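Observations on the three-dimensional arrangement
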Amino acid sequence: MNMETQRLILRPWTENDAESLYNYAKDPAIGPIAGWPPHTSVENSREIIRNILSAPETYAVILKETNEPIGSVGIMFADGVHSAEIQDGDAEIGYWIGVPYWGQGLIPEAVQRLLKRCFVELDVKRVWCGHYDGNIKSRRVMEKCGFKFHHTEEGKTSPLGDIRTEHFTLLTREDWKKR
């Protein structure tokens, strides 16, 4: 399934994207703040495409201008891996984008498309989004997309194995429709 926005194409990852993925995901400014290690090689990125980014509703963020993957967005459900304590009828959205594209509004644009997918196409009732303490850019995306602070959880073990504080935001279908 492919989706489009004004500047982006959201499509499933393919192994051919490994080089582009590595180009951005090797940057230590990206993964660790989100709780995952920088990629170590093109082959490492290819493995991550096979084992993680091939999950349903996980999309490469393709810049139409260059046709290159520059980040990733995804929707997770109660039956998969997620951070929030989500229930049936809920989903969680996650995202990241390469450093050269920070501050251009591309991830909010992609997240808005995923919200439409959640609320209109998948009949989701509530969408969660979380960020670790200090990840101001991620929090800013949530604010721009209409998410409201819900709660904070301290003492959470990140995928990197360290203990962090995670803040959760929530957007209901009713609030999304009012925007």
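None of these values were measured; they are calculated from a predicted model.

Glancing now at the pattern of salt bridges. Applying the stated criterion to the full structure yields 18 salt bridges. The partner of R117 in a salt bridge is E121, and the shortest N-O contact between them spans 2.9 Å. In this pair, R117 and E121 are both assigned in helix α4 (residues 106–121), four residues apart and thus about one turn of the helix distant. Judged by relative accessible area, R117 falls into the buried class, the value being 10%.

Relative to each other, helix α1 (residues 18–25) and helix α3 (residues 42–51) sit at 105 degrees, their axes nearing to 8 Å. If you check the angle between α1 and α3, you find them roughly perpendicular. Here A18, E19, L21 and Y22 of α1 lie close against α3, whose contacting residues are V42, S45, R46 and I49. Partitioned by chemical class, the residues of the contact of α1 with α3 number five nonpolar, one polar and two charged.

Let's shift gears to the packing of aromatic side chains. Summed over all chains, the structure comprises three aromatic pairs. Directly above the ring of Y132 sits R164, whose terminal nitrogen or CZ lies 4.6 Å from the centroid.

Position of E57 relative to the elements: it lies in the loop between α3 and β3 (58–63). As a C-alpha pair, E57 and V73 span 16 residues in sequence and 8.4 Å in three-dimensional space. The contact partners of E57, leaving out residues within four places of it in the chain, are V73, G74, I75, F77, R117 and L122. Within the structure, E57 has its side chain in polar contact with the side chain of R117 (distance 2.7 Å).

In this section: the pairing of β3. Burial of β3 is extensive: six of the six residues sit out of reach of the surface. Judged by which residues are buried, β3 turns out to be covered on both faces: T58, A60 and I62 on one side and Y59, V61 and L63 on the other are all buried. Pairing of β3 with strand β4 (residues 68–77), which is carried by six bridges, proceeds in the antiparallel orientation. What sits directly across from T58, in β4, is G74. Two successive antiparallel strands, β3 and β4, enclose a turn made up of four residues, where N67 displays a positive phi of approximately 60 degrees.

What counts and how
Residues numbered from 1 in each chain as written. Predicted model: local features only at pLDDT ≥ 70, side-chain atom pairs only at ≥ 80, totals over all residues. Heavy atoms only, no water. Salt bridge = Lys/Arg side-chain N within 4 Å of Asp/Glu carboxyl O. Helix = DSSP H or I, 4+ residues; strand = E, 2+ residues; numbered from the N terminus. Buried < 20%, exposed > 50% of the residue type's maximum accessible area, 1.4 Å probe, protein only. Axes fitted to C-alpha atoms, helices over the stretch in contact; angles between N-to-C directions. Parallel < 35°, antiparallel > 145°, perpendicular 65-115°, else oblique. Contact = heavy atoms within 4.5 Å. Nonpolar A, V, L, I, M, F, W, Y, C, P; charged D, E, K, R; others polar. Phe/Tyr/Trp six-rings, centres within 6.5 Å; stacked < 30°, edge-to-face > 60°. Lys NZ or Arg CZ within 6 Å of the ring centre and 35° of its normal. Polar contact = N/O pair within 3.5 Å; in protein donor to acceptor, adjacent residues only side chain to side chain. Pairing = 2+ DSSP bridges.

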